[in-house]
Amino acid sequence: MTATQSLKKWLLLALIMFSVISFHRTLADDDDIDDEDEDGDTPEEENGVVILTDDNFDSFVKGKEVVLLEFYAPWCGHCKSFAPTYEKIAQNLKKEDIPVCKIDATAHKNVASKYDVSGYPTVLILKKGEPIKYDGQRTEDAVVSRVMELADPNWKPPPEAVITLTDSNFNEIVDNAPLILVEFYAPWCGHCKKLAPEYESAAQVLKKEDPPIPLAKLDATAETKVASKYDISGYPTLKLFRKGQEYEYKGGRDQGSIISYMIEQSSPPSVALADLKSTKNLLHQAGDITIIGLFSGVDDPALEIFQTAANNIREDFTFRHTFDSSIAGFLKSELGSVVVVHAERFHSKYEKPIRRMSINEDTQASDIEQFVNDNAVPLVGQRTGVNSRKRYTKRPLVVVYYTVDFSFDYRKNTEIWRQKVLNVAKDMKDVTFAIANEDEFNDELEKAGLGDSPEDINVIIFDEDDRRYPLEPTEEFDSEVLTEFVESYKSGDIKPKYKSANPPKKNNGPVKVVVADTFEKIVMDDTKDVLVEFYAPWCGHCKKLEPIYKKLGKKLKDKKNVVIAKMDAVANDVPNANYKVEGFPTLYWAPKDSKNEPQKYQGGRELDDLLKFVNEQTNQKDEL
């Protein structure tokens, strides 16, 4: 072999070795990149708790048998309080190879939205990806115990507790149930889907009551016979039934509210009085009214009618009954009757302290309800934050505000002012009168312009539309002053007072700003057609509409007889009852020839929709 051949051989070997080394280095680099990618996808941990995000959530939980997950908000006090316990739970479950995770629901909204998270903390247990809400105690032992229960390979979800109703089984089940709650739902309804887990969780708890309290559901889109019978037009609709008798459901729509409401409804509608002594104590301590049914025994047919009435209005009144003839004698009433007794401090020489109603074979439960409602308030009682919406609904209502205090040291002064009101009320039975503690109704006084009143006595009259008519503060308040004021109201000589923001100094923009004090001038102008929006500053839908509404105003600025207007319905009262605002934004079309019959706008909220509507109303055609 020549020297040249040897050199070529060594060069070839060197080239081969260099290629092999380079190849191995490339593989090593690729391994490093893979490791980096894996490390990049691995969620961080904080004291044993895995931190998940919108980006890594699906990849992390995929394929895992059980995952404990907390949705939290950084500012939430309950979350902060739960954090140390949650970290202990994580350390405990790590031994069982069960991941404990948390996700900031305010920052990672996709996952929070997926699981309908609306409160903090929300704790879920994912079983093979399916969420199970944890509603137990937030202690280490309780949470760990529940997670381990679900981690058992043999665990199966309990049978559905909510009863499924149909047109064919509805009467059989509902008519025989002493108490049952029925949800009328539509399968496509988002609110129904949100209610479903809360409703089922409540049913699981209530079925363990003694006796069980059943919850049921009916697909109103499929079982149309029953849905039509009960005029179901919105979803979900919840109705309470007692032996087939329908009652309004007034509870909440979360698990806890449903449970507490139904347990309260399962209690007897009327409480039996033990004896005459306890009855006297009850009447002496009563702060409001006492309703007592007097019956001959448990088989008295009048008792059933009484209890039906009690069930109908049990949320507004407390009912009691007795079979003791000595109690009937003390109340100077006969068995087979109902009495309403007002608290002793509200008795007066102008009215009977005890109101009585006899029950006969023709008496209906509705008759008893009417009797109770008609006699629920004394001639001049005390209106409070608790009873204002239950007792004082009749209008016109005259409320006299001062320092109402029936304790021993202040009772005399309270009675002196109340007597002045009684002197007026006795001659005006078509008006409801009440006294009220001014400290409890500061908001009402401020809205009526009396928040800074220097006087000890202030008066407001509320009409059928809850408009406020304040008495101008006077140093010499007496029966004559009150009489003159009420008579002036009845004759229409005084005007209501509205809460109103200050009108803008300049109001020349494409959208006119309306306040309560300028409502009559702008919206009720008989020479102009007005589209008025009632909004709330915090309303997201209102904020979205704002630029579109402004463009509408610019489009129509040259139409002299058309006004586009808006009103902050939080800072202002709406002076006209025909313009009812029950949500935001609410839009009304107020035509120049029919201001008191406005048309509520129900169309789309894009510029084209609004412009088309205005053009149709004014019979004008404009190019978009």
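See the structure printed just above.
Presented here is an overview of the structure given in this document. (Residues numbered from 1 in each chain as written. Predicted model: local features only at pLDDT ≥ 70, side-chain atom pairs only at ≥ 80, totals over all residues. Heavy atoms only, no water.)

### With respect to the overall build of the protein chain
Helix and strand counts for the protein chain stand at 19 helices and 26 strands. Compactness check: the protein chain gives a C-alpha radius of gyration of 35 Å against a globular reference of 25 Å for 624 residues, more than 25% above the reference. Taken along its principal axes, the extent of the C-alpha atoms in the protein chain is 140 × 75 × 55 Å. With 624 residues in all, the protein chain has 44% of them scored as buried. Split by element, the accessible area of the protein chain, about 35200 Å² in all, is 48% carbon and sulfur. When the 81 positive and 107 negative side-chain charges of the protein chain are each reduced to one mean point, those points stand 3 Å apart. (Helix = DSSP H or I, 4+ residues; strand = E, 2+ residues; numbered from the N terminus. Rg over C-alpha atoms; globule rule 2.2 N^0.38 Å. Buried < 20%, exposed > 50% of the residue type's maximum accessible area, 1.4 Å probe, protein only. Areas by Shrake-Rupley, 256 points an atom, 1.4 Å probe, with all protein chains shown as cover. Lys, Arg positive; Asp, Glu negative; His and termini not counted. Charge placed at Lys NZ, Arg CZ, Asp CG, Glu CD.)

### What about the environment of Gln364?
Looking at where Gln364 falls in the secondary structure, it is placed in the loop between β16 (354-358) and α13 (365-374). Remark: the alpha-carbon pair of Gln364 and Val530, spanning 166 residues in sequence, is separated by 50 Å.

### Observations concerning the sheet that holds strand β6 (residues 130-133)
Hydrogen bonding along the main chain pairs the strands of a sheet, whether they run parallel or antiparallel. Spatially, the six strands line up as an open sheet ordered β1-β2-β4-β3-β5-β6, and their pairing is mixed. Lying at the two open borders of the sheet, with one neighbouring strand each, are β1 (45-46) and β6. Direction of pairing for strand β2 (residues 49-51) relative to strand β4 (residues 100-104): parallel, over a ladder of two bridges. The partner of Val50 across the bridge, within β4, is Cys101. Running over the sheet, helix α3 (residues 77-94) touches β1, β2, β3 (66-72), β4 and β5 (122-127) and is turned about 165 degrees from β3. (Pairing = 2+ DSSP bridges. Contact = heavy atoms within 4.5 Å. Axes fitted to C-alpha atoms, helices over the stretch in contact; angles between N-to-C directions.)

### Focus on helix α10 (residues 276-285)
Among the residues of α10, those classed as buried are Thr279, Leu282 and Leu283. Down the axis of α10, the buried set is contained in an arc of 95 degrees. They therefore lie on one face. Opposite its buried face, α10 presents the exposed residues Lys277, His284 and Gln285, each directed more than 90 degrees away. Where α10 is buried, its residues touch β13 (289-294), β14 (319-322), α12 (325-330) and β15 (337-342). (Arc of directions from axis to C-beta.)

### Points about the environment of Ser59
Here Ser59 is to be found in helix α2 (residues 57-61). For Ser59, a relative accessible area of 51% corresponds to the exposed category. With 496 residues separating them in the primary sequence, Ser59 and Lys555 have C-alpha atoms 51 Å apart. One polar contact links the side chain of Ser59 to the main-chain carbonyl oxygen of Asn56, over a distance of 3.1 Å. (Polar contact = N/O pair within 3.5 Å; in protein donor to acceptor, adjacent residues only side chain to side chain.)

### Description of a positive patch on the surface
The grouping of Lys550, Lys551, Lys554 and Lys557 at the surface amounts to a positive patch. Of note, Lys554 is situated in helix α18 (residues 540-555). (Patch = residues over 30% accessible without salt bridge, like charges linked within 9 Å, V, L, I, M, F, W, Y side chains within 5 Å. Salt bridge = Lys/Arg side-chain N within 4 Å of Asp/Glu carboxyl O.)

### Some details on the nonpolar core
In terms of nonpolar packing, the biggest core is built from 28 residues, with Val398, Val400, Phe433, Val459, Phe477 and Leu482 touching the most fellow members. For this core, the secondary structure elements donating two or more residues are β18 (397-402), α14 (411-425), β19 (432-437), β20 (458-462) and α16 (479-490). Counting residues per element, this core draws most heavily on α14, at five residues. Among residues more than four places away in sequence, those in contact with Val400 are Val421, Ala434, Ile435, Ala436, Ile457, Asn458, Val459, Phe477 and Leu482. Ranked by size, the runner-up nonpolar core spans 20 residues in total, among them Ile291, Phe317, Val340 and Ala365. (Core = buried A, V, L, I, M, F, W, Y, C linked by side-chain atoms within 4.5 Å.)

### A word on helix α19 (residues 607-618)
Its twelve residues place the ends of α19 17 Å apart at the C-alpha level, agreeing with the 16 Å of an ideal helix rising 1.5 Å per residue. Three or more residues of α19 are buried, namely Leu610, Leu611, Phe613, Val614, Asn615 and Thr618. Buried residues along α19 sit against β23 (529-535), α18, β24 (562-568), β25 (586-590) and β26 (599-600). Two residues or fewer past α19, Asn619 is found with a positive phi of approximately 55 degrees. (Expected span 1.5 Å × (residues − 1).)

### A look at the pattern of salt bridges
Within this structure, the stated rule accounts for 21 salt bridges. Put simply, Lys250 and Glu315 hold a salt bridge, and the shortest N to O gap is 3.9 Å. Taken as a pair, Lys250 in the loop between β11 (245-248) and α9 (255-266) and Glu315 in the loop between α11 (301-312) and β14 lie far apart in primary sequence, 65 residues in all. Note that Glu415 and Arg418 form a salt bridge whose closest N and O atoms lie 3.5 Å from each other. Here Glu415 pairs with Arg418, and both are found in helix α14, just three residues apart, close to one helical turn. A single salt-bridge network, built from bridges that share partners, covers Asp463, Asp465 and Arg467.

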